[in-house]
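Now for the letters of each chain:
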Amino acid sequence: MHLNPYGSYAVLLAASLANDWPDDRDAIVARTREHGMTMPFTEVPHDHARVRRVVDEWLTVVDAADDQARAAALNRQMAAAAAFPRLTDHDGEGWHLHYRDEHQALPEVLGAVISVGTALHLTTRGMQRLGRCAAGTEPGDTCRRVVVDVTRNGRQRYCSVRCANRSGVRRHRARAGDSGR
């Protein structure tokens, strides 16, 4: 048996959904598959809109002003997604724990997986390991993509190499402009 911690893959899935919202339920399910989820999801009306609400609520954790606010928002989400952990053996994965009830609909499954995964990510890697792209904090830059820091050194601040380069060019130009005066 292995413990399925829902850590990095769950928070990366949430960021993927937040950064590039799928057009329909099938695309959400496809995204869950890309991030390693293999179980079937019970379909209910309005899954697409209900998953959007899960992601929007998760973004309150991303955008929290400090660690206490982040923990409070995440605790509310985990309480709303409360379910008994259960042993399962599906799709040849071997025995592992699921932090959700069997046969829950897609929004409830993702609410549980994303909240527990985010909690595990933040408590094992650090509360600062989730946020918005640092490029968006600079004047004139509109990037608001979510950054999940999974690096060894814990210093990922940009959503992409492109944003990091754009920011570096701005800093370089600012220094060159200051030295030319």
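Residues numbered from 1 in each chain as written. Predicted model: local features only at pLDDT ≥ 70, side-chain atom pairs only at ≥ 80, totals over all residues. Heavy atoms only, no water.

### Things to note about helix 2 (residues 25–34)
Of all the residues in helix 2, the buried ones are Arg25, Ile28, Val29, Arg31 and Thr32. For helix 2, the arc enclosing every buried residue in end-on projection is 155 degrees, short of the 170-degree limit, so these residues lie on one face. Across helix 2 from its buried face, at more than 90 degrees, point the exposed residues Asp26 and Glu34. The inward-facing, buried residues of helix 2 abut helix 1 (8–19), helix 3 (47–62) and helix 5 (106–125). At the N-terminal end of helix 2, a side-chain oxygen is found 3.3 Å from the backbone nitrogen of aspartate 26, two or three residues along, and the residue is aspartate 24. One or two residues past the end of helix 2 sits glycine 36, with phi positive at roughly 95 degrees. (Buried < 20%, exposed > 50% of the residue type's maximum accessible area, 1.4 Å probe, protein only. Helix = DSSP H or I, 4+ residues; strand = E, 2+ residues; numbered from the N terminus. Arc of directions from axis to C-beta. Contact = heavy atoms within 4.5 Å. Polar contact = N/O pair within 3.5 Å; in protein donor to acceptor, adjacent residues only side chain to side chain.)

### Considering the nonpolar core
Judged by nonpolar contacts, the single largest core of 29 residues is most densely connected at Met37, Phe41, Trp58, Leu106, Leu110, Leu130 and Val146. When residues in this core are grouped by element, the largest group, 7 residues, is from helix 5. Not counting chain neighbours up to four residues away, the residues in contact with leucine 106 comprise Arg25, Ile28, Val29, Phe41, Thr42, Asp47 and Val51. (Core = buried A, V, L, I, M, F, W, Y, C linked by side-chain atoms within 4.5 Å.)

### Side note on the side chain of threonine 88
Following the sequence through the fold, threonine 88 ends up in strand 1 (residues 86–88). Residue classification places threonine 88 among the buried positions, given a relative accessible area of 9%. For threonine 88, the contacting residues outside a window of four places in its chain are Gly94, Trp95, His96 and His98.

### Here's the deal with the pattern of salt bridges
All chains considered together, the criterion is met by 10 salt bridges. Residues aspartate 56 and arginine 52 are paired through a salt bridge, measuring 2.7 Å at the closest nitrogen-oxygen approach. Placement of the pair is aspartate 56 and arginine 52 together in helix 3, with a separation of 4 residues, close to one helical turn. The salt bridge involving aspartate 149 is made with arginine 129; its shortest N-O contact spans 3.5 Å. Placement of the pair is aspartate 149 in the loop between strand 4 (146–148) and helix 6 (161–179) and arginine 129 in the loop between helix 5 and strand 3 (130–132), with a sequence separation of 20 residues. (Salt bridge = Lys/Arg side-chain N within 4 Å of Asp/Glu carboxyl O.)

### Focus: unusual backbone geometry
Located in the positive-phi region is histidine 46, a residue other than glycine, with phi close to 70 degrees. Mapping histidine 46 onto the fold places it in the loop between helix 2 and helix 3.

### Brief notes about a negative patch on the surface
Side chains of Asp23, Asp24, Asp26 and Glu43 sit close together on the surface and give a patch of like negative charge. Within the secondary structure layout, aspartate 26 lies in helix 2. (Patch = residues over 30% accessible without salt bridge, like charges linked within 9 Å, V, L, I, M, F, W, Y side chains within 5 Å. Areas by Shrake-Rupley, 256 points an atom, 1.4 Å probe, with all protein chains shown as cover. Lys, Arg positive; Asp, Glu negative; His and termini not counted. Charge placed at Lys NZ, Arg CZ, Asp CG, Glu CD.)

### A closer look at helix 5
Under the 1.5 Å per step criterion, the end-to-end length of helix 5 is 27 Å for 20 residues, consistent within 8% with the ideal 28 Å. Burial analysis of helix 5 places 15 of its 20 residues in the buried class, the great majority of the element. (Expected span 1.5 Å × (residues − 1).)

### Topic: the confidence of the model for the protein chain
The pLDDT averaged across the protein chain works out to 89; a share of 93% of its residues lies at or above 70. By mean pLDDT, the top-scoring element of the protein chain is helix 3 (98), and the lowest-scoring one is strand 2 (residues 96–98) (75). (pLDDT = per-residue confidence, 0-100.)

### Some points on the packing of aromatic side chains
A full pass over the atoms with the stated rule returns 0 aromatic pairs. We note arginine 52 situated over the ring of tryptophan 21; from NZ or CZ to the ring centre the distance is 4.7 Å. (Phe/Tyr/Trp six-rings, centres within 6.5 Å; stacked < 30°, edge-to-face > 60°. Lys NZ or Arg CZ within 6 Å of the ring centre and 35° of its normal.)

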